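Listed below, chain by chain, are the residues.
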Number of protein chains: 2
Amino acid sequence: MNELLTRKLVEPGAVAAWRRAAAETAATSDADALELVELFFFAYRDFVGDADRLLGNFGFGRAHHRVLHFVNRRPGLTIAALLDILRITKQSLNRVLKQLLEAGFVEARAGVVDRRQRLLYPTPQGTKLARDLAALQSARFLKVMDELPPAARGAASQFLFAMIDPDERARVRAHLACAKTAGEAP
Amino acid sequence: MNELLTRKLVEPGAVAAWRRAAAETAATSDADALELVELFFFAYRDFVGDADRLLGNFGFGRAHHRVLHFVNRRPGLTIAALLDILRITKQSLNRVLKQLLEAGFVEARAGVVDRRQRLLYPTPQGTKLARDLAALQSARFLKVMDELPPAARGAASQFLFAMIDPDERARVRAHLACAKTAGEAP
DNA sequence: CTATTTACGTCAACTATATTGACATAAATC
DNA sequence: GATTTATGTCAATATAGTTGACGTAAATAG
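### Digging into the pairing of strand E2 (residues 118–122) of chain B
Residues and elements named next belong to chain B.
Piece 1. Where burial is concerned, most of E2 is hidden: 4 out of the 5 residues are buried.
Piece 2. Sheet topology places strand E1 (residues 106–110) next to E2; 5 bridges connect them, and they run antiparallel. Its bridge partner lying in E2, Arg109 is registered against Leu119.

### Overview of the relation of the copies chain A and chain B
Piece 1. Taken as rigid bodies, chain A and chain B are interconverted by a rotation of 180 degrees and an axial shift of 0.0 Å, the fit giving an RMSD of 0.0 Å. Taken together, the rotation and translation describe the operation of a two-fold axis.
Piece 2. By residue overlap, the copies meet face to face through one surface: 100% of the interface positions of chain A are interface positions in chain B.

### Re the protein's contact with DNA strand C
Piece 1. Residues in contact with DNA strand C amount to 25 residues; listed here are only the nearest, Arg66(A), Thr89(A), Lys90(B), Arg116(B) and Arg118(B).
Piece 2. Backbone atoms, meaning sugar and phosphate, form 61% of the atoms of DNA strand C found within 4 Å of the protein.
Piece 3. Gln91(A) is positioned such that a nitrogen or oxygen atom in its side chain is 2.8 Å from a base oxygen of DNA strand C.
Piece 4. With respect to DNA strand C, the side chain of Arg116(B) contributes an N or O atom lying 2.4 Å from a base oxygen.
Piece 5. Among the secondary structure elements, those contributing two or more residues to the surface near DNA strand C are helix H4 (62–73) and helix H6 (90–102) of chain A together with helix H5 (79–86) and helix H6 (90–102) of chain B.
Piece 6. Its residues assigned to classes, the surface near DNA strand C shows 5 nonpolar, 9 polar and 11 charged.

### Observations concerning the protein's contact with DNA strand D
Piece 1. Lys90(A), Arg116(A), Arg118(A), Arg66(B) and Thr89(B) are the nearest of the 24 residues found near DNA strand D.
Piece 2. The protein-proximal atoms of DNA strand D, defined as those within 4 Å of the protein, are 60% sugar or phosphate.
Piece 3. One of the backbone N or O atoms of Ala80(A) is found 2.9 Å from a phosphate oxygen in DNA strand D.
Piece 4. One nitrogen or oxygen atom from the side chain of Arg95(B) is found 3.0 Å from a base nitrogen belonging to DNA strand D.
Piece 5. Of all the elements in the fold, those that place two or more residues in the surface near DNA strand D are helix H5 (79–86) and H6 of chain A together with helix H4 (62–73) and H6 of chain B.

Cut-off values and rules
Residues numbered from 1 in each chain as written. Chains lettered and ligands numbered in written order. Predicted model: local features only at pLDDT ≥ 70, side-chain atom pairs only at ≥ 80, totals over all residues. Heavy atoms only, no water. Buried < 20%, exposed > 50% of the residue type's maximum accessible area, 1.4 Å probe, protein only. Helix = DSSP H or I, 4+ residues; strand = E, 2+ residues; numbered from the N terminus. Pairing = 2+ DSSP bridges. Least-squares fit on C-alpha atoms with pLDDT ≥ 70 in both. Contact = heavy atoms within 4.5 Å. Near = heavy atom within 4 Å. Polar contact = N/O pair within 3.5 Å; in protein donor to acceptor, adjacent residues only side chain to side chain. Nonpolar A, V, L, I, M, F, W, Y, C, P; charged D, E, K, R; others polar.

Listed below in structure tokens is the structure:
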């Protein structure tokens, strides 16, 4: 891949957007919005593709990835909290969670305050896989941030957060606040 | 929804990012990257949720949406081109495409230059549904762009494009170049 | 003009991920 | 003691995808 070519490619509707921004007429047109819709589709397609390949080696799929990821990020997570994050039914969660428990990537301990609850923790093996998966996806972001002009970097985070349903933002914020930095001492 | 609260919420890692950007030390840490991974997950979850509800009324799913969307955006698309965009097998495409054809949302005409090809076009009904779906998703982007500071708007497009695999960018660029503005006269 | 390749369709079996609905159990709470 | 809560589980079903094998008509190469 030619670097010059690559650099030149980083600007679909961005050129027009910049011109308008520069001209202080920063409205976003319907055509721009449609372009964003498609870019979001392609970006997500490639984003999840990375992890899919690694997961295949373990006989796991995306569903396992999501569970392992959030358990690793928030050790001690309850089933109810996980269901709330993933927005799936308990039957659906139970299938993949059972596999992760049996394969020894996640373990469940009875809750101390409420013994009905099952608190989920990653095993050392689970932590390692979660870290490897996170590394793949983080690498994409780190590379992207490197490609982007410094001024655009903070904007990416703002943009994604603004894309979340307003009534969901508080929940996401709470999740981020109590999340562990992945890959801490296993 | 309290406006003040909402405004305050638009800044997960963004605060830190801004401080660093202001301090001219604009490196992106692993922790920031992880946060972006999760924001991307939540943002995409909500993004597709909008359209899912409308599709349900027609007995269609996401797969139908994607096909209809790209046929509407690029009338005259061939099966091969569509397979290349969606990255699924022809068997998988055929199932949903057949349903869209039978339901009268898409029609296929034999290619003029190569009569083996089937050129796909939206019917008036298909155009309407595609437009309604696009309107839902565009609305989210338009609202987001409105929430964001003008300087961050162009960055969103740049960011998403940079998230796409480098070897895919030329293809995406070509697609965007020859795409029709959705919702043109049916 | 025959041979091969290409663009597409189709049958079949299978996997992964989700759903709804009903029922079970143990622990917490009223 | 009755009820609610947190979770597990059985069963049936839907959607979206896969691989593999085979068919057919049209374009193209020899």
